[in-house]
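Residue-level structure breakdown
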Amino acid sequence: MLRIIYRLKKCVFIIGIVIGVILAYLLIDSENETSMQMSCKIRDGSEIAYREWFSMQNFKKYPANYFELRDVNSASGDLTSEASYLYSVVHVHCVVFIKKRRNALAVKNTWAKHCNEILFFGLENRSDVSVTVLKPKSSWHYLCDAIRYLWQNHKANLHWALFVSDDVFVIPENLRYYVASLDFNEPHYLGEEGTFWGIEYNVGEAGYVLSKGVIYALQNKFSSSESCLRSGKYWRNEDFYLGKNLGEMGITPANTKDDSGCNRFQRYNLNYVSSPQKHTVPSSAHSLLNQITPGCYSDYIITFNGIEPDKFYLYDYLLYSVRVVHNGVSHGNQPPPVSVSEDQVWREFVRAEGFGEPASISSKQYFELWQQKIQSPEVFNTFLRQHSEGIFNSDDVDGANSLGS
Ligand SMILES: *[C@@H]1O[C@H](CO)[C@@H](O)[C@H](O)[C@H]1NC(C)=O
């Protein structure tokens, strides 16, 4: 809700500027006709498509806060959260290519739990997670064999397959939300788009998603491991070959940017989310350097670079455990059922302190009563000083005291 209001404000602001500019033009030179085109939003339409899709699911939606949601998720009744409903109807197979054992373990312990199924591929199975070993001779061979394996062993309940390397962090819930309204039997090739030698492809660093329709087409075209090997050489270019091979079948990357033009699939890490300068960062083997636009991080982000395993646990905690009381917790925001007058409050206090009928207390007695309850500033400062010894140095304690007095 906040987000929508903010964007509207921005929109109103832009309209304001545009009107201002038009007026200025009219005043300065009324003979010059200017036609101005403006667009407040880059509409990706997926939000609308999702709402339409959801309205056909025969559910009634109502908002719930964190505490209610906890009950909803543990209850076995008719209530279910939107995310767990999506989990049950939008299957996501997560395919992870393992380079480092520590990364594999971090993936398994964090975001992989939110996939319907997880498959690890690697060159050896000696890690703490079960890895399916492939013996590829090129990186396209590697990906192509993994796709063929996925089809042979998982085609029955396959909807969407996400392919990432082990340093990418994924939010599968956001992927389900994005693809729920799409037909997985149709070809959908989703990721962060790039172009190399006139070929449009989804860059590997951001991970990419293939619908069952695409996987079917690929395993049809590459019916053996040898045919995979024949059609792509060298290493670190499987993303390009995937785009090239799909392009030959008429399947091209979809635009997955959100309403604000920001990437849902993000090849970079989140270190620059709101830093004011532009950053030039090293990118894939194909495009040498890339400029990041600061602040352009999607609210509906699906993938981003996780940097290192320790960070995976941090993101997992922040995303799935921390309860942010940002828009309030509904219980605390409601007035009490019966309003209590100030008069009643002090009368109740006096009565509870054993002074009998409140009408009989003088204001001096009332003051003394409070004085007994509250420590003097001197006593409080001494208390603070005793408790802060060994925690702060003496300068800090002095500073705290001068603030307090
Ligand atoms: C990997 O190795 C472990 C233990 O050696 C084994 O239990 C597991 O089945 C293997 N995984 C695969 C996919 O082969």
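What counts as what
Residues numbered from 1 in each chain as written. Predicted model: local features only at pLDDT ≥ 70, side-chain atom pairs only at ≥ 80, totals over all residues. UniProt positions renumbered as here; feature names shortened; annotations may be inferred. Helix = DSSP H or I, 4+ residues; strand = E, 2+ residues; numbered from the N terminus. Buried ≥ 20, exposed ≤ 12 C-beta atoms within 10 Å, placed from the backbone. Contact = placed C-beta atoms within 7 Å. Pairing = 2+ DSSP bridges. Axes fitted to C-alpha atoms, helices over the stretch in contact; angles between N-to-C directions. Near = placed C-beta within 6 Å. Nonpolar A, V, L, I, M, F, W, Y, C, P; charged D, E, K, R; others polar. Core = buried A, V, L, I, M, F, W, Y, C linked by C-beta atoms within 7 Å. Parallel < 35°, antiparallel > 145°, perpendicular 65-115°, else oblique. Left-handed = near helix turned anticlockwise from the far one by under 90°. pLDDT = per-residue confidence, 0-100.

As annotated in an unreviewed UniProt entry, the protein carries the name C1GALT1-specific chaperone 1 and comes from Zootermopsis nevadensis. Regarding the protein, the relevant UniProt record gives this comment under Sequence similarities (unreviewed entry): "Belongs to the glycosyltransferase 31 family. Beta3-Gal-T subfamily." You can read under Subcellular location (unreviewed entry) in the UniProt record for the protein the words "Membrane".

What the protein contains, in helices and strands, is 16 helices and twelve strands. For the protein, the residues scored as buried account for 27% of the 405 residues in total. Considering only intrachain contacts with a sequence separation of at least 6, the fraction spanning at least 24 residues in the protein is 71%.

Spatial strand order, β3-β2-β1-β4-β9-β6: six strands in an open sheet with mixed pairing. Pairing within the sheet leaves two strands with one partner each, and these edge strands are β3 (132–133) and β6 (189–191). Bridge analysis of strand β4 (residues 160–165) against strand β9 (residues 208–211) gives four bridges, and the strand direction is antiparallel. Within β9, the residue paired with Phe163 across the bridge is Tyr208. Across the face of the sheet, helix α8 (residues 212–221) comes into contact with β4, β6 and β9 while running at roughly 80 degrees to β9.

Turning next to the pairing of strand β8 (residues 199–202). Each regular strand shows side chains that alternate between the opposite faces of the sheet. Bridge count for strand β7 (residues 193–196) against β8 is four bridges, and the pairing is antiparallel. When the bridges of β8 are listed, Glu193 appears paired with Asn202. Hairpin remark: β7 followed by β8, antiparallel, with two residues in the connecting loop; positive phi at Trp197, about 50 degrees.

Every residue near the ligand is listed here: Asn125, Ser130, Val131 and Thr132. When its residues are assigned to classes, the shell around the ligand shows one nonpolar, three polar and no charged.

Quick look at the nonpolar core now. Core analysis: the largest hydrophobic core is formed by 65 residues, its most contacted members being Cys94, Val95, Val96, Ala161 and Leu162. Residue contributions to this core peak at seven residues, all from helix α6 (residues 139–154).

Contact pair α6 / α8: the axes reach a minimum separation of 9 Å and the direction vectors enclose 110 degrees. In terms of their interaxial angle, α6 and α8 are classed as roughly perpendicular. Note that α6 runs across α8; the crossing there is left-handed. Across the interface between the two elements, Ile147, Arg148, Leu150 and Trp151 of α6 pack against Ile215, Leu218 and Gln219 of α8.

Attention now goes to the packing of helix α5 (residues 101–109) against helix α11 (residues 309–320). Relative to each other, α5 and α11 sit at 10 degrees, their axes nearing to 8 Å. It follows that α5 is roughly parallel to α11 by the angle criterion. Contacts between α5 and α11 involve Arg102, Asn103, Ala106 and Val107 from the former and Pro309, Phe312 and Tyr313 from the latter. Grouping the constituent residues of the contact of α5 with α11 by class yields five nonpolar, one polar and one charged.

On to the environment of Ser138. Relative to the helices and strands, Ser138 is located in the loop between β3 and α6. By C-beta crowding, Ser138 is classed as buried, having 20 other C-beta atoms within 10 Å. Filtering out sequence-adjacent residues up to four positions away, Ser138 remains in contact with Leu229, Gly232, Lys233, Tyr234 and Trp235.

What follows deals with the confidence of the model for the protein. Per-chain confidence: the protein averages 80 in pLDDT, with 73% of residues scoring 70 or above. Under a pLDDT of 50 for its full length, residues 284–289 has, in the predicted model, ten contacts with residues more than four places off or in other chains.

Of note in the backbone geometry, Tyr234 takes a positive phi value of approximately 65 degrees without being a glycine. Tracing the sequence through the fold places Tyr234 in the loop between α9 (225–230) and α10 (238–248). Unusually for a residue other than glycine, Arg236 sits at a positive phi of about 60 degrees. Following the sequence through the fold, Arg236 ends up in the loop between α9 and α10. The exposure class of Arg236 is exposed, given the 12 C-beta atoms found within 10 Å.

In this fold, Asp310 is placed in helix α11. Taking C-alpha positions, Asp310 is 8.9 Å from Asn103, a pair spaced 207 residues apart along the chain.

With that settled, consider the environment of Tyr268. Assignment of secondary structure puts Tyr268 in the loop between α10 and β10 (279–282). Measuring from C-alpha to C-alpha, the distance between Tyr268 and Phe304 comes to 5.9 Å, with 36 residues separating the pair along the chain.

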